[in-house]
Amino acid sequence: MRAHELTVGRTFGVTFDHGEDFFEALSTFCRDNGVRQGYIPSFIGAFAEAEIVGACEKLADPDAPVWAKTYVTNVEAFGAGTLAHDPATGGILPHIHVSAGLKAQSADGRTSHLLSAKVQFLSELLVVEVTTPTMTRPRNPDLYDVPLLTFG
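A quick note: this is a predicted structure, and the numbers were derived from the prediction, not measured. (Residues numbered from 1 in each chain as written. Predicted model: local features only at pLDDT ≥ 70, side-chain atom pairs only at ≥ 80, totals over all residues. Heavy atoms only, no water.)

Some thoughts on the nonpolar core
Inside soluble globular proteins, nonpolar side chains tend to come together where they are buried. Rules: Nine residue types can take part in a nonpolar core, namely buried Ala, Val, Leu, Ile, Met, Phe, Trp, Tyr and Cys, and a core is a set of them joined through side-chain atoms within 4.5 Å. Only protein chains enter the area calculation, which uses a 1.4 Å probe; residues under 20% of their type maximum are buried, those over 50% are exposed, and those in between are partly exposed. Strands are runs of DSSP state E lasting at least two residues, helices are runs of H or I lasting at least four, and both sets are numbered from the N terminus onward. It only takes one pair of heavy atoms within 4.5 Å for two residues to be counted as in contact.
Within the largest apolar cluster, 29 residues are counted, with the highest numbers of intra-cluster contacts made by Phe22, Phe47 and Leu114. Those elements that place two or more of their residues in this core are strand S1 (7-17), helix H1 (22-33), strand S2 (38-53), strand S3 (69-85), strand S4 (92-102) and strand S5 (108-132). Top contributing element to this core by residue count: H1, with 6 residues. Those residues in contact with Phe47, other than ones at most four positions away along the chain, are Phe22, Thr73, Asn74, Val75, Ala77, Leu114, Ala117, Lys118, Val119, Gln120 and Ser123.

Description of the environment of Gly90
Tracing the chain through its elements places Gly90 in the loop between S3 and S4. Distance from Gly90 to Ile40, taken between C-alpha atoms, is 19 Å for residues 50 residues apart in sequence.

Description of the environment of Val35
Mapped onto the secondary structure, Val35 falls in the loop between H1 and S2. Judged by its relative accessible area of 4%, Val35 falls in the buried class. As for Val35 and Val127, which are separated by 92 residues in sequence, their C-alpha atoms are 9.3 Å apart.

The following block contains the structure:
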C-alpha cells in the first residue's frame, strides 16, 4: 500500500461541449489552467461513442490486465479518476473509470476503464488540483507493465 497526504489547490467546475473528444478537452483544460495533477471526484455526461476496457473472449491469463477494448454508443456516463503528471511531456496522464448505461438497450450497463470518448450534448466535471506531492504514473515491469500512481 502507498499513501501520501495531498495538498489540494484550486477546484474547478468544467463542462465539455457536444462533439468534443473527452481526453483532448481534458488535456486542453489542464494546459490552459496550469493543472499538472489532481483528481476528478465525479463527472456526469453522455457519450455519443466510447471505448472502454473489456473482452468478450476467454482470457488467457485472468490475473493479467485486460488490454482489449469494447465499443459502445449513445451512453449516459458517471465516472471518476486521477490526473498524474507526465514528466516526459509535461502533460497529464489520466486514469478514468466510468459506469455507462446504453440508452438504446434499456440502460444496460458497462463499467470499466475509459479509453476514449466523444461527448454527446455535454459532460460536467469537478476537477480538484493537487499541488503536492508530485503524482506520476510509471509503469511497473514486475506487474504486467501497468502504470501505477506514485507520490513524491
